[in-house]
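Results of the structural survey
Residue-level listing of the chains:
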Amino acid sequence: MKPSFKPEPVDQRIEELLRHSELYKPEGEGPFPLVLQFHGCGGKKNLQARWAAVAKSAGWAALVVDSYGHRRISKFEAYATVCTGMQLWGRERAGDLFAMMEWARRQPWIDPNRIAIAGWSHGGWTALDAMAMTPGQQIESATRVSGLPDEPLAGLAGAFVIYPYQGIGALAPRSEERR
């Protein structure tokens, strides 16, 4: 799916993202805290699975979100266009984060008040841009996701970002994060 100008309903975005994401869930019924992991501009790497396994062993569920699968962005295309800033800026990808937050809050086995974000590079940019946007700041047009709740980060307990991009086009350096 190449970017379009028409917003995608949140339930459709959730469905598309889940097809390409990996869930690591501890034994038992929960409710478990959850970490949503967002890869860097080069796509999912083995390190995300290793971090998810650590989270699982500590009693956390982890969802490794693949933001490229449903967009049909290949590894080559990602390096050529996402890593260079030609497509999929952090504010747009924040729609993936907001959608996965909404999905998490709907799961009875997830503690809806203990959701964390982990983001590497582009994923860190995504997390910080998501936290910099405030309701009413044209979130729908920036993320291309419709039907988000008034507070799309409800339940966010923390963020862990590693070398987040914060240059031209990033929202966070120019605003105050809400968390």
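What counts and how
Residues numbered from 1 in each chain as written. Predicted model: local features only at pLDDT ≥ 70, side-chain atom pairs only at ≥ 80, totals over all residues. Heavy atoms only, no water. Helix = DSSP H or I, 4+ residues; strand = E, 2+ residues; numbered from the N terminus. Rg over C-alpha atoms; globule rule 2.2 N^0.38 Å. Buried < 20%, exposed > 50% of the residue type's maximum accessible area, 1.4 Å probe, protein only. Contact = heavy atoms within 4.5 Å. Areas by Shrake-Rupley, 256 points an atom, 1.4 Å probe, with all protein chains shown as cover. Lys, Arg positive; Asp, Glu negative; His and termini not counted. Charge placed at Lys NZ, Arg CZ, Asp CG, Glu CD. Disulfide = S-S within 2.5 Å. Pairing = 2+ DSSP bridges. Axes fitted to C-alpha atoms, helices over the stretch in contact; angles between N-to-C directions. Phe/Tyr/Trp six-rings, centres within 6.5 Å; stacked < 30°, edge-to-face > 60°. Lys NZ or Arg CZ within 6 Å of the ring centre and 35° of its normal. Patch = residues over 30% accessible without salt bridge, like charges linked within 9 Å, V, L, I, M, F, W, Y side chains within 5 Å. Salt bridge = Lys/Arg side-chain N within 4 Å of Asp/Glu carboxyl O. Parallel < 35°, antiparallel > 145°, perpendicular 65-115°, else oblique. Nonpolar A, V, L, I, M, F, W, Y, C, P; charged D, E, K, R; others polar.

Attention now goes to the overall build of the protein chain. The helix and strand inventory of the protein chain stands at 6 helices and 7 strands. In sequence order, the protein chain lays out its α and β elements as β-α-β-β-α-β-α-α-β-α-α-β-β. Its C-alpha atoms give the protein chain a radius of gyration of 15 Å, near enough to 16 Å, the size a compact globule of 179 residues would have. In terms of its C-alpha atoms, the protein chain occupies a principal-axis envelope of roughly 45 × 35 × 30 Å. Looking at the protein chain as a whole, 52% of its 179 residues qualify as buried. Put simply, 85% of the contacts in the protein chain that link residues at least 6 apart link residues at least 24 apart. Total accessible area computed for the protein chain in this model is approximately 8400 Å², and 56% of it derives from carbon and sulfur atoms. Within the protein chain, the 19 negative side-chain charges are centred at a point lying 5 Å from the centre of the 21 positive side-chain charges.

Within the structure shown, the criterion is met by 1 disulfide. Put simply, Cys41 and Cys83 are joined by a disulfide, and their sulfur atoms are 2.0 Å apart. The sign of the 100° torsion about the S-S bond sets the Cys41-Cys83 disulfide as right-handed. Highlighted residues: Cys41 in the loop between β3 (32-38) and α2 (46-57) and Cys83 in the loop between α3 (75-82) and α4 (90-106), separated in sequence by 42 residues.

Our next topic: the sheet that holds strand β2 (residues 22-24). The 5 strands are arranged β2-β4-β3-β5-β7 in an open sheet whose pairing can be described as mixed. Both edges of this open sheet fall to β2 and β7 (156-162), since each of them pairs with a single strand only. Ignoring strand direction, the axes of neighbouring strands in this sheet form an average angle of 15°. Here strand β5 (residues 110-120) pairs with β7 via 6 bridges, running parallel.

Right, let's talk about the packing of aromatic side chains for a bit. One pass over the structure, following the stated rule, counts 5 aromatic pairs. Each ring, one from Trp89 and one from Trp125, has its centre 6.2 Å from the other, and the planes form 45°; the classification is tilted. Of this pair, Trp89 sits in the loop between α3 and α4 while Trp125 sits in helix α5 (residues 122-132); the two residues are 36 residues apart in sequence, bridging distant segments of the chain. Cluster of aromatic residues (ring-pair linked, three or more members): Trp51, Trp120 and Phe160. Positioned above the aromatic ring of Trp109, the side-chain terminus of Lys25 is 4.4 Å from the ring centre.

As a further point, take a nonpolar patch on the surface. On the surface, a nonpolar cluster with roughly 320 Å² of combined accessible area is contributed by Trp89, Tyr165 and Ile168. Residue placement: Ile168 occurs in the segment after β7. Classification of Ile168 as exposed rests on a relative accessible area of 73%.

Moving on, we get to the packing of α4 against α5. With their axes 8 Å apart at the nearest point, α4 and α5 run at an angle of 80° to one another. It follows from the interaxial angle that α4 and α5 lie roughly perpendicular. From α4, Gly90, Arg91, Arg93, Ala94, Leu97 and Phe98 reach across to α5, where they touch His122, Gly123, Trp125, Thr126, Ala127, Asp129 and Ala130. Residue composition of the contact of α4 with α5, grouped by class: 6 nonpolar, 4 polar and 3 charged.

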